[in-house]
Amino acid sequence: MFVEVVFSLPFRNAFTYSVPIEFEDLAKVGVRAVAPFGKRVLTGFIVNIQKKTAIQGHIKQLADILDEKPIYSTNDLKFYKWLADYYICSLGEALRLGVPYGIEIESQRKIIIDKLSCIKLASLEEDEHSLKSKMLSILSVRDEIKFSYLQKMLGRKNIYSVLKSLEKSGAVTLLDEIENAKINIKTANFVKMAKPLAEIYAFLPELEQRSPKQLKIILEIISNNKKDISLPYLLKRTGASRSSIDSLQEKGLISIIEKEVDRKYSEEYNEELLEFNLTNKQLEAINEIKTEIIHNIFKPFLLYGITGSGKTQVYIELIKEVLEQKRTALILVPEISLTPQITSRLLNNFGDDVSVIHSRMSLGEHYDSWRRILKGKSSVVVGARSALFAPLKNIGIIIVDEEHDQSYKQTDASPKYNARDSAIVLATFNHCPIVLGSATPSFESMYNAETGKYKLLKLPDRIDSAKLPKIHLVNVSIERKMKKMENVFSQVLLDKIQDRLAKKEGVIILQNRRGFSTQIFCDDCNEVETCQNCSVPMVYHISKNYVQCHYCGLIRDVPNACTHCGSLNIKYYGTGTERVEDEIEFHFPKARVKRVDSDSVSRKSSLSKTLLEFSKREIDILVGTQMVSKGLDFSHVTLVGVISAETSLWIPDFRADERTFQLLTQVSGRAGRSNIEGEVIIQTQNPGTFTLQKVLQNDYLGFYRTELQTRQIKGYPPFTRICLIETKDPDENKAKGAMNDYYRELIPYRKWLNISPPTTALIARLKGNYRFNILIKSSRETDPGGAILRKAILNAFIGFNRKSRFRDIRLIYDIDPQSII
């Protein structure tokens, strides 16, 4: 028997292996297999089985098969093949998305070091800047180091030849060690009765007389209704020692068994289950989608409902219908910040049928949640974009909440998929409807609805007769001239906050920047303190008293003087959430203030705890980034303040206006979600901006139609499909040379595609790498499925790989990028 295996590597072909006789019964399409690959051992996926092979010569054998049953069905493989083809990655990279991190088996190359030999060789090196000299200086102070970590420290991938020369001289030894999975099934000891209850009772008088502690243990087990009881819990509950347990086991009264423990993720945030009277519009939407659920028909719906219109309750009613049909439901939310509230509401309605998947879970929780779904123990899955790949079978509906949100796009690894768009394709394979919900739909989705590709459903009114909040634009330039600004706060906003605090009502303040000051500027040399790895300013964090790069994570001490000229005349500019929080605490010392951003909620359940406190009115003012702008539903919030509307408006990106409109409309929608009317104060330097005027008028459709005309003139989505191609390398000339060579291979396709010449990326250097871009636009009229675009990209790569001397520089493809920065 032979199998074809794909690995999570950028190779588009499968590799053939023979199957040892002992594994033949386990070798199935869709299982994970451990196999030798070059000088390594890796975990891959079996995608085909053959009785014969045309390959000549020695064929390597599989080392192991990890699954008893396939993880992926034939239908699943079709979806992942589409994902690989559309987003231009290998099938192995796509399949890797469907299994939790930490369960793969692979070999790691380790370097064992003779420090004295390395020190001696280092002293003989004449060029201290050579690769060998740098390597020896690192090795001279260690006993061992991982090969991959040495590559990272040197900033070079091709270090093998130098290491081999050091191995020949006896300075190092290279070892390949197989590392087992980082995460496994968790087990624990449990105690249960070993005899019938009648026989146990016969021992009680003796235990009462001789061993009171043992008696206490027996009575605790009996009171547990004969269920198995956790050994640590039993010892803690009874105050007994392990010796008492051992004595009872020797007497044959109890037995200790090892059982699997389910690491189930839970949120601290919870809500009471409320009964809702559905509006006529909600019922119309539900009934329309129900028809497709009952008949197992794929159909995409765009649920365009203003903030507070009851979209979540529509989702819940649809899930109830799906579960009645004995099918499953998948709900995607864009941010982890949305998960606590929607998870609580789903748990209230569906109990243990709900499983959660997102990146804030521990590896063990993620693994157990994944296994629970794989075994069919969960019928409802909710989570951020990675939940799209949960092993959910027999899907009856897919729901994408806040479908416009850019966090559905994977940006930091291959494949750079969009979970919303991929969910639509997944729904086609599962013959089920998909609901895209938003108060501010993406232009692509609204355009698809207007052209008949999606069915448009509207929820134009808030539930419970609540009104949309009143929005006011405050011109901070005029306020500053009139001396009505207190640092970052206008007097208008301060007065409104004071009024809400007096009324015991909730306040949310948005500033979509982390940290205290976003720039450190020298008045003498006019230089900004920038990151040494990235071409971006360092951000000052007052809470931890350091400066940090928000792209690579580099942390440095706060400079006492300018690092460029040594001047002491440095100033702190820009406003982050820490500064807003600090100023609020100054103006309102008795108010209970909490900050919500990725710095303050990094600890597990901290966000859930904060939202719970806010819902119980234990917090008066919530200050945060965009995490506070979407999905949060608190009836006591009557005021929303926006410190600076220009935070995202001035970004040089074709989606900047759309993002700003969505952010401001969404955060405005947090106010007035009950019978008390809400109010929104947006501080801006230019209130006449078209985008802000449309926010003021709450005119999504007017904004959409005007902006759509601009997109059509400039050739941007939804009228074109775009691809951003990037090269990056620590050597600027290599990154630039690779991009120029690739561009030459693309030139023959300019008659069908709009291809921009290579340019330096807007953020020219990121994480130590210089970056260059090419932007390709393909008209959806002449290339509706993107076949011409993908053909050009792949054929150009073949030529590049054959001709370029920079072929070792990896090309990164981003199909349908959310940003071109």
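Shown above is the structure to which this text applies.
These remarks concern the structure in this document.

Definitions and limits used
Residues numbered from 1 in each chain as written. Predicted model: local features only at pLDDT ≥ 70, side-chain atom pairs only at ≥ 80, totals over all residues. Heavy atoms only, no water. Salt bridge = Lys/Arg side-chain N within 4 Å of Asp/Glu carboxyl O. Helix = DSSP H or I, 4+ residues; strand = E, 2+ residues; numbered from the N terminus. Buried < 20%, exposed > 50% of the residue type's maximum accessible area, 1.4 Å probe, protein only. Disulfide = S-S within 2.5 Å. Contact = heavy atoms within 4.5 Å. Pairing = 2+ DSSP bridges. Axes fitted to C-alpha atoms, helices over the stretch in contact; angles between N-to-C directions. Parallel < 35°, antiparallel > 145°, perpendicular 65-115°, else oblique. Left-handed = near helix turned anticlockwise from the far one by under 90°. Nonpolar A, V, L, I, M, F, W, Y, C, P; charged D, E, K, R; others polar. Expected span 1.5 Å × (residues − 1). Arc of directions from axis to C-beta. 1 Å grid on protein atoms, 1.4 Å probe; cavity = no way out; pocket = protein on both sides within 12 Å on 5 of 7 lines; lining within 4 Å. Points joined across faces, edges and corners; volume = space filled by probe spheres on them.

1. Considerations on the pattern of salt bridges
Then, in step 1: Overall, the coordinates contain 46 salt bridges when judged by the stated rule.
Then, in step 2: The salt bridge partner of Glu-167 is Lys-164, with a shortest N-O separation of 3.0 Å. Taken as a pair, Glu-167 and Lys-164 lie in helix 6 (residues 160–168) at a separation of 3 residues, close to a single helical turn.
Then, in step 3: Owing to a relative accessible area of 30%, Lys-164 belongs among the partly exposed residues under this scheme.
Then, in step 4: A salt bridge links Asp-597 to Arg-595; its shortest N-O distance comes to 3.1 Å.
Then, in step 5: A single network of salt bridges, built from pairs that share partners, joins Lys-496, Asp-499, Arg-500, Lys-503, Glu-505 and Glu-679.

2. So, the state of the cysteines
Then, in step 1: All told, the structure shown has 0 disulfides when counted by the stated rule.
Then, in step 2: With no disulfide of its own, Cys-525 lies 3.6 Å from the sulfur of Cys-522, the closest cysteine sulfur.
Then, in step 3: Taking relative accessible area as the criterion, Cys-525 reaches 26% and is therefore assigned partly exposed.
Then, in step 4: There is no disulfide at Cys-723, and the cysteine sulfur nearest it, in Cys-89, is 13 Å away.

3. So, the side chain of Thr-16
Then, in step 1: Tracing the sequence through the fold places Thr-16 in strand 2 (residues 15–18).
Then, in step 2: Sequence-distant contacts of Thr-16, defined by excluding residues within four places in its chain, comprise Phe-2, Val-3, Glu-4, Gln-50, Thr-53, Ile-55 and Ile-59.

4. Some remarks on the sheet that holds strand 9 (residues 187–193)
Then, in step 1: Judged by pairing direction, the sheet is antiparallel, and its 3 strands sit side by side in the order 10-9-11 without closing on themselves. This sheet does not close on itself; its edge strands, each paired only once, are strand 10 (229–230) and strand 11 (254–260).
Then, in step 2: Across 7 bridges, strand 9 lies against strand 11 in antiparallel orientation. Of the residues in strand 11, the one forming a bridge with Asn-189 is Glu-258.

5. Digging into the packing of helix 11 (residues 280–294) against helix 12 (residues 311–324)
Then, in step 1: Relative to each other, helix 11 and helix 12 sit at 30 degrees, their axes nearing to 10 Å. In terms of their interaxial angle, helix 11 and helix 12 are classed as roughly parallel. As for how helix 11 packs across helix 12, the hand of that crossing is right-handed. The residues of helix 12 that touch helix 11, namely those facing Gln-282, Ile-286, Ile-289, Lys-290, Ile-293 and Ile-294, are Gln-313, Val-314, Glu-317, Leu-318, Glu-321 and Val-322.
Then, in step 2: For the contact of helix 11 with helix 12, the class distribution of residues is 7 nonpolar, 2 polar and 3 charged.

6. Structural notes on helix 18 (residues 491–502)
Then, in step 1: With 12 residues, helix 18 extends 17 Å between its outermost C-alpha atoms, agreeing within 8% with the 16 Å of an ideal straight helix rising 1.5 Å per residue.
Then, in step 2: Inspection of helix 18 places Leu-493, Leu-494, Ile-497, Arg-500 and Leu-501 among the buried residues, and these make up the whole buried set. Each buried residue of helix 18 lies within a common arc of 125 degrees when the element is viewed along its axis, so the set occupies one face.
Then, in step 3: Two residues or fewer after helix 18 comes Lys-504, characterised by a positive phi angle close to 65 degrees.

7. Observations regarding the layout of surface pockets
Then, in step 1: Taken as a whole, the second largest pocket holds about 1,200 Å³ of empty space.
Then, in step 2: Taken together, 50 residues form the lining of the second largest pocket, with Glu-271, Leu-274, Phe-276, Arg-345 and Asp-633 sitting closest to its centre.
Then, in step 3: Of all the secondary-structure elements, those providing two or more residues to the lining of the second largest pocket are helix 12, helix 13 (339–350) and helix 20 (606–615).
Then, in step 4: It is helix 12 that contributes the most residues to the lining of the second largest pocket, 6 residues altogether.

8. A closer look at unusual backbone geometry
Then, in step 1: Here the residue pair Ser-414 and Pro-415 is connected by a cis peptide bond, since its omega of 0 degrees sits within 30 degrees of zero.
Then, in step 2: Note that Pro-415 resides in the loop between strand 16 (395–401) and helix 15 (419–430).
Then, in step 3: Of the consecutive residues Pro-717 and Pro-718, the connecting peptide bond is found in the cis state with omega at 15 degrees.
Then, in step 4: Along the polypeptide, Pro-718 turns up in the loop between helix 24 (700–714) and strand 32 (720–729).
Then, in step 5: For Glu-402, which is not glycine, the phi torsion reads 50 degrees and is therefore positive.
Then, in step 6: For Glu-402, the position within the fold is in the loop between strand 16 and helix 15.
Then, in step 7: Even without a glycine there, the phi angle at Asn-698 is positive, about 55 degrees.

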